Structure formats: structure tokens, C-alpha cells
Amino acid sequence: MGLYNELEWRDLVYDSTEGLSEVIEREPMTAYNGFDATGPSLHVGHLLPVVCLARLQRFGHTPIALVGGGTGLIGDPSGKSVERQLLTFEQVEQNALSIRGQLERFLDFGGSHPAQLVNNLEWLRPLGFLDFLRDVGKHFTVNYMMAKDSVKRRLGGDEGISFTEFSYQLLQAYDYVVLHDRLHCNLQTGGSDQWGNITAGIDLIRKLRGGRAYGLVYPLITNAAGTKFGKTEAGAVWLDPQLTSSFRFFQFWLNTDDRDVVKYLKFFTWLDREAIRALERETAAAPERREAQRVLAHEVTAMVHGVEQTQSAERASAVLFGSSLASATVEEILTVFDDVPSLELRRAQLESGLPMAELVVSSGLAASKGEATRLIKQGGLYANDHRWLDERGRVNLDHAIAGRVIVLRKGQRERRIVKIMVP
């Protein structure tokens, strides 16, 4: 099976320029996708084009990952209803460095068709305004630019669009020309909202160089719940583990709706058609097992964070869903329950033992010692998932996991974390 057919069965072809399906099977191509440095990290919304660049490379094509250090200073109006806040040069430069490191995890920069990593600030920053108007702007009419969907949507809004963002498509078109000249790039990819920007670049290559170039766009990712893909109550799901832990990242994929899981398996994993069909059948027959979601979470987390972090996230997930705490590390426990109220105790406070009823009150699980005692008598209190039945019992260091943490639970859901401070 060729690459284009591979992309089609994965439902990744939203649109493509005429002739691409034949050319891409006939000869090696050099393809680029841009990632503007408007944030400190890539997020899961960027993952689809990143993985698709890797797919191109596996089929013998050369990928170029363009970090938009220059275009990130301007802001792409695509998919935005209001003007972006402009970033400083320093912010964009730092963002570009972070993104560069993340892209290197997915692409092979060695071998017979090594990936290339470029930053368009290299050629956009020294570009003179008069030269740009004469060499690029001259080839586009205002009517052509206003016909682009990203511009039309903004013109119909209350705030309109600034000349800065209106010109973005010309900068992206110029990027394509530069990459065509320097690296023989003849394919640009992106989300479907980039179609207008991509075709502008194709037109400019034809006008300036008389060359043939192509475009391929992927569908914008939506989910069945009607919320924006990659957004959670805590905010965006980042690829940087400092911004989104591997556990939270794993949980994001594990919580995928049954209606979306097969689509995401096609989009984001390397599983073949038969493996995905088997998981689709599994989901239809036994949705409560959530096997497809477990596989999806494992595959994507391993790809982004590595196998070791994925295994840790899986152990932490088991803790969250009721398995014994005994097999989890202190770090995994603290990760799972990082949003649970906690209190800190000195080791000396536990060396001679602390009444459990007193600890329950201090933690906030009960308002008084009397209420705490009743809770224990009724069998509603758990320490490290073990029911605590002695209302006069005392807690000591032997009850702490690795001597560092105790997980108190009231009923099935309400928890408190007791952290023992190491001198």
C-alpha cells in the first residue's frame, strides 16, 4: 500500500492539490509543515501534523519541520476570531528552542532521507519591507487575499483583521518559495484551515519559479462531546512534561469518548488496519472494558514520553481506579492526587503515634473528633485503601508508604494526602 492510500484509510486526507496522489507514489518528495512558536510547547493539536511528517518519512519522503520563529511574531489568523496578542522576540526565540527539541523526538535526522529542521526567522527577519512588497506582494491581489476563508471570517466579525495578520498568508507563501529554492521542497502539509495559505505558496512558486508544487491538508480534529480537541478543565494538553505530566497526558487519551477512539487510533498511532479493526470490534462488543482507549493511551504516551514514563502513568492510573497503593511509588501517588487537599506532618509527630481521629479532623475529612469517631465506627474511613476500624487507634510512621505519605479516604471518593516531611 502506498502513502496516499495509507493516509486515505486513516481518514487523513481532507483535501489535496491535483496530481498529488499520483506523484507521491511515483517519486520521493520533500514535504514541510510549519509550527509557529506562539507557545512554550507544542500541544496535542500539533501532534497530527507531526506524526504525519513521520509517516511521510517512513514511506521514503523527506520531511521538513519548520519552526515559525518569524511568522510566530505576526500570528496566523486561521481559526481565530480575534487578533492574537503579539509576542516579543525573546518570547518567540525561547518558544522556538523548546519546540525544536520536541520535534526532534519524532523525526529521523539521519539515514538516506534525513529530516530537516529550519526556523523561518532566518530569512524573514533580514527581509526588507520594500523588497517584500516588490518581490512577493506584487504577485497577489487584495481580492485574492480577501477570498481566503481565514480572512473572510475575520472580516465578518466585529474586530475585523489587522494589516499584520492579513499579510500572514504572504509570509507563509514566501516560506514555501524559500524552502523550494533551498531544499527542493515540493509539498506543504497542514490542517484544513491552512488550505488558503498553502495554495498561496503554490501560486507564488508557479509565478516566481515556474515550478510545480503541491499541498495536502488534514481534517481539523473535533470530538464527539462538542468541545475543542486538546482542551481540558485544566487547560491545554501540552507535549512538554513540565507543562502536562505524563500521567495527565495518559489520562487525556484514556478518557477518549467511545465515538472518537477509533478515529484517534487511526490518526495518532502506528497500529495497522487489522489491529484497529479488532479494537473497533472490541469497543462495540464490550465498551465498558475501554480496551481501545487503553491501547490509544499507551501508544501515544509511549511515542511522546517514552516507555518508562508510560509504564509509570499506567501504574498511577491503576491507583486512581482503585488498585492497591502498594505497587505505586510515592511520586506516582503524589502525581495522581496532586489536586487533592493535603497537609504536612513532621516525622516527630508520628514517631510516638498520632490519634487517627485527630488526624482525620486535621485533614478536613471530619469537622470534629466525634464525627471522626463515628466515621471510623461505621467503616467509612480508609488509610492507604485499607479500612481503618479502630476509633482509638494511632497512626505512626509504619502506616506511611515509604515513610513519606499516607492516603486517607472517606467513603469512595473524598481523599486527603498526608505528607511526612523529611528533615
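Note that the coordinates shown come from a computational prediction; the quantities given were computed from them, not determined experimentally.

Caption draft 1: Local environment of the pattern of salt bridges. Per the stated rule, a full pass over the model turns up 17 salt bridges. Note that Glu122 and Arg182 form a salt bridge whose closest N and O atoms lie 3.0 Å from each other. Linking Glu122 in helix α5 (residues 121–124) with Arg182 in helix α10 (residues 168–183), this pair joins segments that are 60 residues apart in sequence. Among the salt bridges present, the one from Asp338 reaches Arg248, with a minimum N-O distance of 2.4 Å. Separated by 90 residues along the polypeptide, Asp338 in the loop between α17 (330–336) and β9 (342–346) and Arg248 in helix α12 (residues 246–254) bring together distant segments of the chain. Since its relative accessible area comes to 29%, Arg248 is described here as partly exposed.

Caption draft 2: Molecular detail of the sheet that holds strand β12 (residues 386–387). With mixed pairing, the five strands of this open sheet are ordered in space as β9-β15-β14-β11-β12. At either end of the open sheet lies a strand with only one pairing partner, and these are β9 and β12. Across six bridges, strand β14 (residues 405–410) lies against strand β15 (residues 414–421) in antiparallel orientation. Bridge pairing in β15 places Ile406 opposite Val418.

Caption draft 3: Broad picture of helix α3 (residues 44–58). Between its first and last C-alpha atoms α3 spans 21 Å; for 15 residues at 1.5 Å apiece the expected length is 21 Å, and the two agree. By the criterion of burial, α3 is predominantly enclosed, with 13 of the 15 residues buried. Gly60 lies just past α3 and shows a positive phi near 95 degrees.

Caption draft 4: How the structure looks around the pairing of strand β5 (residues 187–191). Burial within β5 is extensive, with five of its five residues counted as buried. Alignment of β5 against strand β6 (residues 214–218), held across five bridges, turns out to be parallel. Directly across from Thr189, in β6, lies its bridge partner Leu216. Handedness of the crossover joining β5 and β6 through helix α11 (residues 195–209) is recorded here as right-handed.

Caption draft 5: View of a nonpolar patch on the surface. A surface patch of nonpolar side chains, amounting to about 460 Å² of accessible area, comprises Phe129, Leu130, Leu133 and Phe163. The element best represented in the nonpolar patch is helix α6 (residues 129–135), accounting for three residues. Position of Leu130 relative to the elements: it lies in helix α6. We classify Leu130 as exposed; its relative accessible area is 63%.

Caption draft 6: The arrangement of α11 in detail. An ideal rise of 1.5 Å per residue puts 21 Å on 15 residues; α11 measures up with 21 Å between its terminal C-alpha atoms. Along α11, the positions that sit buried rather than exposed are Gly196, Asn197, Ile198, Thr199, Ala200, Gly201, Ile202, Asp203, Leu204 and Ile205. The inward-facing, buried residues of α11 contact α7 (142–146), α10, β5 and β6. Downstream of α11 by a residue or two, Gly210 has a phi angle that is positive, lying close to 65 degrees.

Caption draft 7: Expanded view of unusual backbone geometry. You will see that Arg290, though not glycine, has its phi angle at about 55 degrees, which is positive. Mapped onto the secondary structure, Arg290 falls in the loop between α14 (273–285) and α15 (291–305).

Caption draft 8: Local environment of the packing of aromatic side chains. Counting across every chain of the model gives 13 aromatic pairs. Ring centres of Tyr32 and Tyr176 lie 5.7 Å apart, and the angle between their planes is 65 degrees; on these two criteria the pair is classed as edge-to-face. On the criterion of sequence distance, the pair formed by Tyr32 in strand β2 (residues 30–36) and Tyr176 in helix α10 is long-range, its members being 144 residues apart. Classification of Tyr32 as buried rests on a relative accessible area of 1%. Exposure remark for Tyr176: the relative accessible area of 0% places this residue in the buried category. Look at Phe249 and Trp253: their rings are 6.1 Å apart centre to centre, the planes differ by 65 degrees, and that puts the pair in the edge-to-face class. In this pair, Phe249 and Trp253 both sit in helix α12, four residues apart, roughly one turn of the helix. Cation over ring: Arg55 sits above Trp270, and NZ or CZ is 4.7 Å from the ring centre. The ring of Trp270 has Arg58 lying over it, and the distance from NZ or CZ to the ring centre is 3.6 Å.

The rules behind these values
Residues numbered from 1 in each chain as written. Predicted model: local features only at pLDDT ≥ 70, side-chain atom pairs only at ≥ 80, totals over all residues. Heavy atoms only, no water. Salt bridge = Lys/Arg side-chain N within 4 Å of Asp/Glu carboxyl O. Helix = DSSP H or I, 4+ residues; strand = E, 2+ residues; numbered from the N terminus. Buried < 20%, exposed > 50% of the residue type's maximum accessible area, 1.4 Å probe, protein only. Pairing = 2+ DSSP bridges. Expected span 1.5 Å × (residues − 1). Right-handed = clockwise from strand over helix to strand, strands pointing away. Patch = residues over 30% accessible without salt bridge, like charges linked within 9 Å, V, L, I, M, F, W, Y side chains within 5 Å. Areas by Shrake-Rupley, 256 points an atom, 1.4 Å probe, with all protein chains shown as cover. Contact = heavy atoms within 4.5 Å. Phe/Tyr/Trp six-rings, centres within 6.5 Å; stacked < 30°, edge-to-face > 60°. Lys NZ or Arg CZ within 6 Å of the ring centre and 35° of its normal.

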